[in-house]
Amino acid sequence: MAHSGRSGRAFATRTVHHPEAEVASPPVATPLYQTSTFRVADAATVAQYAAEVQPQAYYTRWGNPTIEILEKVIADLEGGPRGLAFASGMAAVSTTLLGLLSPGDHVVAGASLYTGTTTLLADELHKLGIEVDFVDPTDSEAFARAARHETRMFYLETPTNPTMLLTDLESVSQLADELGVTVVVDNTFASPYNQRPLDAGADVVIHSVTKYISGHTDVVGGCLVTDVETAERLWRKRTLLGGSMDPFAAWLILRGLKTLALRMQRHNSNAMAVARALQSHGAVSRVIYPGLPSHPQHDLAARQMTGFGGMVAFEVSAGRAAAEKLVESTELVLLAVSLGGVESLIEHPGSMSHAPLSDEQLQRAGIPPGLIRLSVGIEDPDDLIADLQQALDRL
Ligand SMILES: Cc1ncc(COP(=O)(O)O)c(C=O)c1O
């Protein structure tokens, strides 16, 4: 093939090598390093990188500049020294559990958790010889009471999914400290805008980045923030298990993150308006939102959260069939699992997100048949309230 172009290289070569991409001025937006591997100067450098913890630009399963920027930003937002990004929230959860626990260890977990996390704790860890006890997440003393000599970890979510129960982060972290136990908190529901578990004394904070942090319902990802030593241990586990994030996902998440504060302000105010409106509808027997004075742990919410978030749970008095009908009757509020995006989503945990749970697990998680979970988006609150009202009026 004839050589041409400014470089004098062949067409096929010029489709692969883009000197145009090497810009002189640094960009304002974060560059996307969509590459699986990185050029190195010599073989000795490869050997050196392969032996290092978190080497610079070696192979994307190890790390990648776009992903590292995201990790630094999230660590900064959660107020911790190190961040690690993962392919999904579950990759962050599973890597944390497998990286910090060994056969013979014992975990005390809150009884109301994301289904995948419950299954991982209850079934998969059991197969590895790790025992788990589930306790009432609203009772921080219950975590300490269930602790034994072998207990290595307290695992919890606050607010919980989907029942919006809270755990007192300061109190549980203090008890854990006395017992020498690691506290892991899934902060997905609150977002770092509304709650910072590390400030309250937790050791590891986890997110499904799929939710508020990315915010646009177009990417799946996870992250954790912790101290340097734990991060290095979990980085090794992540690299081995392979749950690393894709650079494009990191780029999308960094883009979404730029509006996190604005979005959370709107989620917080919209959820409060929706919760109040639901409270006054005759078909609704109970609204569970930490921002409402009727929430049994409203005082704790006001103490440990700077905003009450966009998640609202409510119960329809007519039970399961009515709840199933309701979630199919909203027009603007979309019927879908997941949460934390700009669009409002509705779901019925009993038949959707928590369907894999046994009746006993559902009961333990306090999920009544008529419970509905609402992820309140950033739309106009009056439109959201009107949509929910028309759906409730049909029951
Ligand atoms: C609280 C919580 N933690 C973890 C996860 C798992 O995250 P992902 O779906 O990104 O794996 C979810 C997913 O819904 C969640 O709600």
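Q: Is there a simple way to think about the domain arrangement of the chain in this case?
A: Size of an interface, as often reported, equals the accessible area lost when the parts are brought together. According to the domain assignment, the chain contains domain 1 (43–257) and domain 2 (260–393). Residue-level contacts link 29 residues of domain 1 with 35 residues of domain 2. Where the side of domain 1 that touches domain 2 is concerned, the elements lending two or more residues are helix 5 (115–127) and helix 8 (191–194). Class assignment of the residues belonging to the side of domain 1 that touches domain 2 gives a composition of 14 nonpolar, 13 polar and 2 charged.

Q: I'm lost on the site of the ligand in this one. Help?
A: Near the ligand lie 15 residues; those nearest to it are Ser88, Gly89, Met90, Tyr114 and Ser208. For the shell around the ligand, the class distribution of residues is 4 nonpolar, 9 polar and 2 charged.

Q: Which parts of the structure should I look at to understand the environment of Asp199?
A: With respect to the helices and strands, Asp199 occurs in the loop between helix 8 and strand 6 (204–208). For Asp199, a count of 15 C-beta atoms within 10 Å translates into the label partly exposed. Taking the C-alpha atoms as reference, Asp199 lies 8.3 Å from Glu78; in sequence the two are 121 residues apart.

Q: Whenever I open this one, the sheet that holds strand 12 (residues 371–375) confuses me. Can you help?
A: Backbone hydrogen bonds hold the strands of a sheet together, and the pairing may be parallel or antiparallel. Spatially, 5 strands are ordered 8-9-12-11-10 in an open sheet, and the strand pairing comes out mixed. Both edges of this open sheet fall to strand 8 (284–288) and strand 10 (334–335), since each of them pairs with a single strand only. As paired elements, strand 8 and strand 9 (residues 311–316) share 4 bridges and run antiparallel to each other. In the sheet register, Arg286 faces strand 9, and the bridge partner there is Glu315.

Q: Is there a simple way to think about the packing of helix 11 (residues 260–279) against helix 15 (residues 381–393) in this case?
A: Helices that pack against each other are described as a pair by the angle of their axes relative to one another and the distance between those axes. It is at 10 Å that the axes of helix 11 and helix 15 come closest, and there the two elements cross at 30°. Between helix 11 and helix 15, the angle is such that the two are roughly parallel. Crossing of helix 11 over helix 15 shows right-handed handedness. Touching Asn270, Ala273, Val274, Ala277 and Leu278 of helix 11 are Pro381, Leu384, Ile385 and Leu388, all from helix 15. Here the contact of helix 11 with helix 15 is composed, by residue class, of 8 nonpolar, 1 polar and no charged.

The rules behind each value
- Residues numbered from 1 in each chain as written.
- Predicted model: local features only at pLDDT ≥ 70, side-chain atom pairs only at ≥ 80, totals over all residues.
- Domains from an automatic or database assignment.
- Contact = placed C-beta atoms within 7 Å.
- Helix = DSSP H or I, 4+ residues; strand = E, 2+ residues; numbered from the N terminus.
- Nonpolar A, V, L, I, M, F, W, Y, C, P; charged D, E, K, R; others polar.
- Near = placed C-beta within 6 Å.
- Buried ≥ 20, exposed ≤ 12 C-beta atoms within 10 Å, placed from the backbone.
- Pairing = 2+ DSSP bridges.
- Axes fitted to C-alpha atoms, helices over the stretch in contact; angles between N-to-C directions.
- Parallel < 35°, antiparallel > 145°, perpendicular 65-115°, else oblique.
- Left-handed = near helix turned anticlockwise from the far one by under 90°.

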